[in-house]
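Structural overview
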Amino acid sequence: MSKVNIKIEGVPYQVEEGITILQAARQCGYEIPTLCSFHDGECSRGSCRVCLVEATGARGLVASCVYPVSEGMEVKISSPKALEARRYSVEVILSNHASNCQACDKNGRCELLHVAKLVGAREDMFKGEKTETTYDELSPSIIRDTSKCILCGRCIVRCEQAHGKGVLGFINRGFDTIVGPVNNISLAESPCLMCGQCVSVCPTGALMSKPEYDAIYHAMASGKHVIVQTAPAVRAALGEEFGLPIGTPVTGKMVAALKRLGFEKVYDTDFGADLTIMEEATELLNRVKNGGVLPMITSCSPGWINYGETYYADLLPHISSCKSPHMMQGAILKSYYAQQKGIDPKDIFVVSIMPCTAKKFEKERPQMIKDGIKDVDAVVTTRELSDMIKRAGILFNKLPDEEYDQDIMGEYTGAAVIFGVTGGVMEAALRTAYYVLEGKEHDPIEFKEVRGFEAIKEASLEMGGMTVNVAVTSGMKNAKVLLDQIKDGTSKYHFIEIMCCPGGCVNGGGQPYIRHCFLPNENLDIIDNYRQKRADALYSEDERQAVRQSHNNEQIKELYDKFLGEPNSHLAHELLHTTYQGRDTFRVGSVTQKESEIPSRVRGHRA
Amino acid sequence: MAHLNDAAAARIKEICDSYAHEKTPLIMILSDIQNEFGYIPVDVQEAVSDYTGISVPEIHGVVTFYSLFSQEPKGKYVIGCCLGTACYVKGAQKVIDQFCEILGIQPGETTEDGLFSIDALRCLGACAAAPAVTINGKIYSRVKVNEVAGIIAEYRQKGGEA
Ligand code: SF4
Ligand code: SF4
Ligand code: FES
């Protein structure tokens, strides 16, 4: 890569040719305010004008997020002209923005407030009419409040990556422009997967996860037996909310915090993950043995399930019937645990701490509610948990490390911990499938072929006298490739792992936001490698575990001995397995009503 | 696109295919569909997405951006009332209000019998004819409020004939 000589504020630097002024400035140690750009150009539209600087060779001010550096360029970030222009840009955006910041969930993580402070925005500089607001809270997972939207378009780009086909877009023009699903219908009525990837890039409070704090506090106040479980990926990221470096595992402190928040019991969803492996590996081997539908696809990711149900209804028999780990654990808490402890299941309230917003939706599925009793009662994201901890006055970093409750379902294996990263479920399943087929443990324990963040990973493994072909992917854009192969009859795989969020749960829509402006101590490439750092935290915990295969979890064995019988038994099916149902892309509104009417309308009377 | 009948789906595919060699075919495809079917509902946008690979939200963005596209079926007779400056000064607001009152619809809507829609237009460039009204391309000049009923009656008489 050839270099060019530039000057910023009169100081000479050498930077790579072709990069933007913004990238160059960051490398040289400056922060230029930005709003619409994300991930060095992932979606720079150059539309917000918050990043304006002066540059020689250009007429007037330029948007540094899109303007490339060139030889001899002199950049001025701090000239009075640039300072004033940036301030105006932010003030214009603020003029069409709701001003109830104290009540906004993004408070403390809002990039608009951050840049407003940076540029010194004044109050009410441009008073006038505001665009009519849509407040959509019909989705169990996500709240969309257009009064906070700055039309940056980041969510549109991210949604298209995660969802493949895309749900969000610009609607209308000029002052009436909003961002939403077609015809501004509710996300609940759109083909939204509830994955929350859009939430994780939104700079403001326009897209937020839907909190469930009140239900939890209410359950505690009314004397219910409130149990909490934590998904593997949470421990790898929660520390970020308390200023710890990305990739710091905080399992012990998280458990300590939960105990201080008033939960009766603190368990690890990893127990549920081990249970999932027992059920899923057995299901797979049965399908292989009995000529069942193959390839079998994992079912842990509710965002993926939403996608499959919407776009690949004819492939639903391929999806494992296993519930996801936290739903399995919920079902066991309300049956076996309740029985062991002599508690009425109706008095148990299960809270899941998840890196995921789609889990909020998943727990409401009718298949997950039996006789009016839900497997899981509330889902809290990693971000929301940090808010609960702060609200309770707990100084997280000062907490001691504490242990999960050990009774009944306290044990978990390394195999379960890695569920939180793409390839983890596959690797955990392979460890157990290998043992079942070969009668001995795989050596080495790891199956590193399925690790990493490539779009599609595949491996062929010899076990039990057969070659097992597996594939792993995440993000629906990538999954579509594998699904279309199945549709065409060209899929060569036996087992496929699909996760909705790109990179798996470590990058879930409920995880802490990754923003340069809020992470001044991280390196510039953090936006490229935060997923790896979080994944490393999980792989290292796997290595530290004494037991690293699900089938060696003693409490799981006990659960089968005392209660379930064997994997895939009748009772296991009743409690731990589920069904799927195809559905429409758009579920209400102008397009789904009265099917019979529409064909004639489309033919039209002018034809 | 589950809701489209086969004939409509086939025709939309034909239109999409006919622009396959274009770099930015979307506007042309949508114009053809608008002209032929009279409107572009979401089901059709989904079909276009399936045939072109352009995402539904992006197509929807274009459909809602340009006033020439409509998601609702238009009436057989589309009444366009110019509200440009010249027409407005000459009382165009009263004219459009009269159309709305007699037909019982608002600008952008269509009568229940599917006969009439009313659009509020920006300048038609027919300022000499202010206030100007167009009906399916035919221009009515210097329309007076008391002529509106007669104009509507004229088209009512034609009724559903082509
Ligand atoms: S939750 Fe996921 S699928 Fe739904 S709009 Fe956001 S990014 Fe798209
Ligand atoms: S909802 Fe958020 S991410 Fe999407 S355009 Fe608005 S401000 Fe940007
Ligand atoms: S960040 Fe550069 S124009 Fe928005």
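Description of the structure in this document. Everything quoted here is computed from the prediction, not taken from an experiment. (Residues numbered from 1 in each chain as written. Chains lettered and ligands numbered in written order. Predicted model: local features only at pLDDT ≥ 70, side-chain atom pairs only at ≥ 80, totals over all residues. Heavy atoms only, no water.)

Observations regarding the packing of aromatic side chains
Applying the stated rule across the entire model yields 12 aromatic pairs over all chains. Centroid distance Y307 of chain A to Y312 of chain A: 6.0 Å. Interplanar angle 40 degrees. Geometry classified as tilted. Ring plane angle 35 degrees and centroid distance 5.2 Å describe the contact between Y336 of chain A and F563 of chain A, whose orientation is recorded as tilted. Placement of Y336 of chain A in helix α11 (residues 325-341) and of F563 of chain A in helix α18 (residues 554-564) is noted, with a sequence separation of 227 residues between them. Since its relative accessible area comes to 2%, Y336 of chain A is described here as buried. Aromatic ring contacts, followed pair by pair, group Y77, F116, Y140 and Y155 of chain B into a single cluster. The ring of Y88 of chain A has R122 of chain A lying over it, and the distance from NZ or CZ to the ring centre is 5.9 Å. Above the ring of Y213 of chain A, the side-chain terminus of R391 of chain A is found at 4.6 Å from the ring centroid. (Phe/Tyr/Trp six-rings, centres within 6.5 Å; stacked < 30°, edge-to-face > 60°. Helix = DSSP H or I, 4+ residues; strand = E, 2+ residues; numbered from the N terminus. Buried < 20%, exposed > 50% of the residue type's maximum accessible area, 1.4 Å probe, protein only. Lys NZ or Arg CZ within 6 Å of the ring centre and 35° of its normal.)

What about unusual backbone geometry?
Residue P295 of chain A is bonded to the preceding L294 of chain A through a cis peptide linkage, with omega at -5 degrees. Secondary-structure assignment places P295 of chain A in the loop between α9 (269-289) and β13 (296-297). Of the consecutive residues A130 of chain B and P131 of chain B, the connecting peptide bond is found in the cis state with omega at -10 degrees. Tracing the backbone through its elements, the reader meets P131 of chain B in the loop between β2 (116-121) and β3 (133-135). Although it is not a glycine, N172 of chain A adopts a positive phi angle of roughly 70 degrees. In this fold, N172 of chain A is placed in the loop between β8 (169-171) and β9 (178-180).

What about the site of ligand 1?
Residue and element names in this part refer to chain A. Surrounding ligand 1, one finds 13 residues, the nearest of these being C159, C192, C195, G196 and C198. Elements with a minimum of two residues in the shell around ligand 1: α4 (154-163) and α5 (197-201). Residue classes in the shell around ligand 1 are distributed as 10 nonpolar, three polar and no charged. (Near = heavy atom within 4 Å. Nonpolar A, V, L, I, M, F, W, Y, C, P; charged D, E, K, R; others polar.)

Some points on a nonpolar patch on the surface
A grouping of Y88, V92, M125 and F126 of chain A is seen on the molecular surface, where their side chains present a nonpolar patch of about 320 Å² in accessible area. Topologically, M125 of chain A is positioned in the loop between α3 (111-119) and β6 (135-136). (Patch = residues over 30% accessible without salt bridge, like charges linked within 9 Å, V, L, I, M, F, W, Y side chains within 5 Å. Areas by Shrake-Rupley, 256 points an atom, 1.4 Å probe, with all protein chains shown as cover. Salt bridge = Lys/Arg side-chain N within 4 Å of Asp/Glu carboxyl O.)

Focus on the pairing of strand β20 (residues 495-499) of chain A
All names here are of chain A. Burial within β20 is extensive, with five of its five residues counted as buried. Relative to β20, β13 runs parallel, the two sharing two bridges. From the neighbouring strand, M296 faces β20, where its bridge partner is F495. Summarising the sheet, strand β19 (residues 466-474) and β20 pair through five bridges and their orientation is parallel. Paired with S474 across the bridge in β20 is M499. Of the crossover connections in this fold, the one passing from β19 over helix α16 (residues 476-488) to the parallel β20 is right-handed. (Pairing = 2+ DSSP bridges. Right-handed = clockwise from strand over helix to strand, strands pointing away.)

Quick notes on helix α10 (residues 302-311) of chain A
All names here are of chain A. Taking burial as the measure, the 10 residues of α10 include 10 buried ones, the bulk of the element. Of all the residues in α10, the buried ones are P302, G303, W304, I305, N306, Y307, G308, E309, T310 and Y311. Against α4, β13, α12 (358-362), α16 and β20 lie the buried residues of α10. (Contact = heavy atoms within 4.5 Å.)

Some points on the packing of α9 of chain A against helix α15 (residues 424-438) of chain A
Residues and elements named next belong to chain A. Taken N-terminus to C-terminus, the directions of α9 and α15 make an angle of 60 degrees; their axes are 9 Å apart at the nearest point. In terms of crossing hand, the pair formed by α9 and α15 is right-handed. Side by side, α9 and α15 meet where I277, A281 and L285 of the first sit next to V425, A428, A429, T432, V436 and L437 of the second. Tallied by class, the residues present in the contact of α9 with α15 amount to eight nonpolar, one polar and no charged. (Axes fitted to C-alpha atoms, helices over the stretch in contact; angles between N-to-C directions. Left-handed = near helix turned anticlockwise from the far one by under 90°.)

Observations concerning the packing of helix α2 (residues 26-37) of chain B against helix α4 (residues 56-65) of chain B
Residue and element names in this part refer to chain B. One way to put it is that α2 packs onto α4 with a least axis distance of 11 Å and a crossing angle of 65 degrees. Crossing of α2 against α4: the hand is right-handed. For the pair α2 and α4, the contacting residues are L26, I27 and L30 in the first and I59, V62 and V63 in the second. For the contact of α2 with α4, a count of residues per class yields six nonpolar, no polar and no charged.

Regarding the side chain of N5 of chain B
As for its placement among the helices and strands, N5 of chain B is situated in the segment before α1 (6-18). For N5 of chain B, a relative accessible area of 14% translates into the label buried.

Things to note about the site of ligand 2
Close to ligand 2 lie 13 residues, the nearest being C149, C152, G153, C155 and C202 of chain A. In terms of residue class, the shell around ligand 2 is built from 10 nonpolar, two polar and one charged.

Details of α11 of chain A
Residues and elements named next belong to chain A. For α11, the principal kink sits at L333 and spans about 40 degrees. Along α11, 14 of the 17 residues are buried, which leaves the element largely enclosed by surrounding structure. Of the residues one or two after α11, G342 is the one with positive phi, at around 65 degrees. (Bend = angle between axes of the 7 residues up to and from the residue.)

Regarding the pairing of strand β1 (residues 3-8) of chain A
Residue and element names in this part refer to chain A. Of the two faces of β1, the one holding V4, I6 and I8 is buried and the one holding K3, N5 and K7 is not buried anywhere. Relative to strand β2 (residues 11-16), β1 runs antiparallel, the two sharing six bridges. Its bridge partner being in β2, K3 is matched across the sheet by E16. The hairpin turn running from β1 into β2, its antiparallel successor, is two residues long, and E9 in that turn takes a positive phi close to 50 degrees.

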